[in-house]
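Okay, here's what each chain looks like letter by letter:
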Amino acid sequence: MTPVLLLCGLLAVVILLALGVPIYLVLTGVATAALMLDGKSVAGIAQHVVDHLNSPALVSVPFFLLAAVLMRGGGVAKALFDAAITWIGWLPGGLALAGVAATALFAAINGSSVATALAMGSLLVPMMIEKGYKPGFAMGLTAAAATLGILIPPSLPLILIGLIAEASIPRLFLAGVIPGLLQAALFAGYVLLVARKVGGAPMPLATRAEFARHNLNALPALLIPVVILGGLYGGFVTLTESAVLGAVVSLLVVVLFFGNRRPREIGGFFVEAVDRTAVVVVIVIGASLLSAWIIRSGLPQDLARWVIDSGLKPWQFLLVLNVILLLMGMFLEGVAIILIVVPVVAPVMHQIGIAPEHFAVVMVINIELALLSPPIGLNLFVMSNVTGRPVAEVLRGTLPFFGLMLGLLLLVTFVPQLSTWLPSVLMPRP
């Protein structure tokens, strides 16, 4: 493949995505055209797609998505939030702290940042404003905390990175746990620091009866991450089986514990899950073709040789990558960033000694930042839509939390053990 064809293809991908063309059309169309121009037959392209769709990890996706849809629409967010208030609502900024805690728990169940922003934004922001918090702070905190949905497992971006980079998805899930908890702790520390300035008066201390009632009400929801992650890392089930169990338990929890729902409403959750699954599968098809085209071009091999010859250390390469990803995050959504960057960079990671888990967490934190970066940042628009306030006001509220997340990104970049230690302990490589 000539460098000119490669450059034209990559420019076409970036320009079409920036113009708003659906990502699956961009990836599939550009990659197919490029492979055919490079001499690959239609039958060969079709066989490549079939081979890559034959993946046990991909089978888990619809069940993780079904669990996420059920949790978002099933009233789980309020149950978790009410329980969190009984634990920490009495602290300065207690309502905001409870919001961070509930969002982290909801993220561990849901796995989607945008869905977390929708669920927690419609619940938390109006209550915080009613209790005297500044609107910008309430919206900024919720938009930023919602990004935990893609760092704390299970996480759809981590699944996509694992599929494209052919890395162990359970290990990637474990890699996100400590950085995710660190991010939640940073947000909580900031809330405590500025609570009086933003109107964060303590909530009344819950009575014993309220404490018991709200925590018992939230207990069924907490079974879901226990089933998914406990079964997976306890060695009882595979990734796909844990996803199926998670979906079944989510359905039972929503139907039995969070209100009687009509069959049509439950059916709507299944329809939404199927719709989102179809999108993911088509994106994976496009990603596999794009990856095949990029590998065929020799770009990853050339990049690896350049990095090795230049003498760049792993942390130096990751710093350069962070700058590129932050710039891309201003104009592209997270999935597009993954599908463009991972096929090129993943082969280089092995060459220069960067663990897949470390690379994946660095990628996901950058995608979190992209969700808060104008002009594309999805969480900014979700929060604006939920609250009816201008995007600029939401953006101003997110700035302190954006700074904290940048600090976390640098910490994870320079201290790889934050993302590699837990996988090495719980799932050591043979």
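Remember, it's a predicted structure, so these values are computed and weren't measured experimentally. (Residues numbered from 1 in each chain as written. Predicted model: local features only at pLDDT ≥ 70, side-chain atom pairs only at ≥ 80, totals over all residues. Heavy atoms only, no water.)

*Asks:* Explain the pattern of salt bridges here, please?
*Replies:* Two side chains with opposite charge may pair up if their charged atoms get near one another. Going through the model one piece at a time under the given rule, you end up with three salt bridges. For Arg171, the salt bridge goes to Glu357, with nearest N and O atoms at 2.7 Å. Within this pair, whereas Arg171 is found in helix α10 (residues 169-175), its partner Glu357 is found in helix α18 (residues 356-370), the two being separated by 186 residues in sequence. Each member of the pair, Arg171 together with Glu357, is buried. With a shortest N-O distance of 3.5 Å, Arg389 and Glu393 are connected by a salt bridge. Taking relative accessible area as the criterion, Arg389 reaches 30% and is therefore assigned partly exposed. (Salt bridge = Lys/Arg side-chain N within 4 Å of Asp/Glu carboxyl O. Helix = DSSP H or I, 4+ residues; strand = E, 2+ residues; numbered from the N terminus. Buried < 20%, exposed > 50% of the residue type's maximum accessible area, 1.4 Å probe, protein only.)

*Asks:* Would you mind showing me how to read the nonpolar core here?
*Replies:* What tends to happen in soluble globular proteins is that the nonpolar side chains get buried as a cluster. Membership of the largest hydrophobic core comes to 145 residues, with the highest contact counts inside it found for Met128, Phe137, Ile338 and Met363. With 13 residues, helix α17 (residues 334-352) is the single largest residue contributor to this core. With residues up to four places along the chain from it excluded, the contact list for Met363 reads Ile161, Leu325, Ile337, Ile338, Val341 and Val342. (Core = buried A, V, L, I, M, F, W, Y, C linked by side-chain atoms within 4.5 Å. Contact = heavy atoms within 4.5 Å.)

*Asks:* What exactly am I supposed to notice about the environment of Thr398 here?
*Replies:* Within the fold, Thr398 resides in helix α20 (residues 391-414). Judged by its relative accessible area of 0%, Thr398 falls in the buried class. Sequence separation between Thr398 and Phe414 is 16 residues; the distance between their C-alpha atoms is 24 Å. Aside from chain neighbours lying at most four places away, what touches Thr398 is Gly140, Ala143, Leu372 and Leu380.

*Asks:* Explain the packing of helix α16 (residues 314-329) against α18 here, please?
*Replies:* Packed helices, taken two at a time, are described by the angle their axes make and the gap between the axes. Between α16 and α18, the shortest axis-to-axis distance is 9 Å and the interhelical angle comes to 30°. Classified by the angle between their axes, α16 and α18 sit roughly parallel to one another. For the pair α16 and α18, the crossing hand works out as right-handed. Listed contacts from α18 to Leu318, Leu321, Asn322, Leu325, Leu326 and Gly329 of α16 are His358, Phe359, Val362, Met363, Asn366, Leu369 and Ala370. Residues that form the contact of α16 with α18 fall into these classes: nine nonpolar, four polar and no charged. (Axes fitted to C-alpha atoms, helices over the stretch in contact; angles between N-to-C directions. Parallel < 35°, antiparallel > 145°, perpendicular 65-115°, else oblique. Left-handed = near helix turned anticlockwise from the far one by under 90°. Nonpolar A, V, L, I, M, F, W, Y, C, P; charged D, E, K, R; others polar.)

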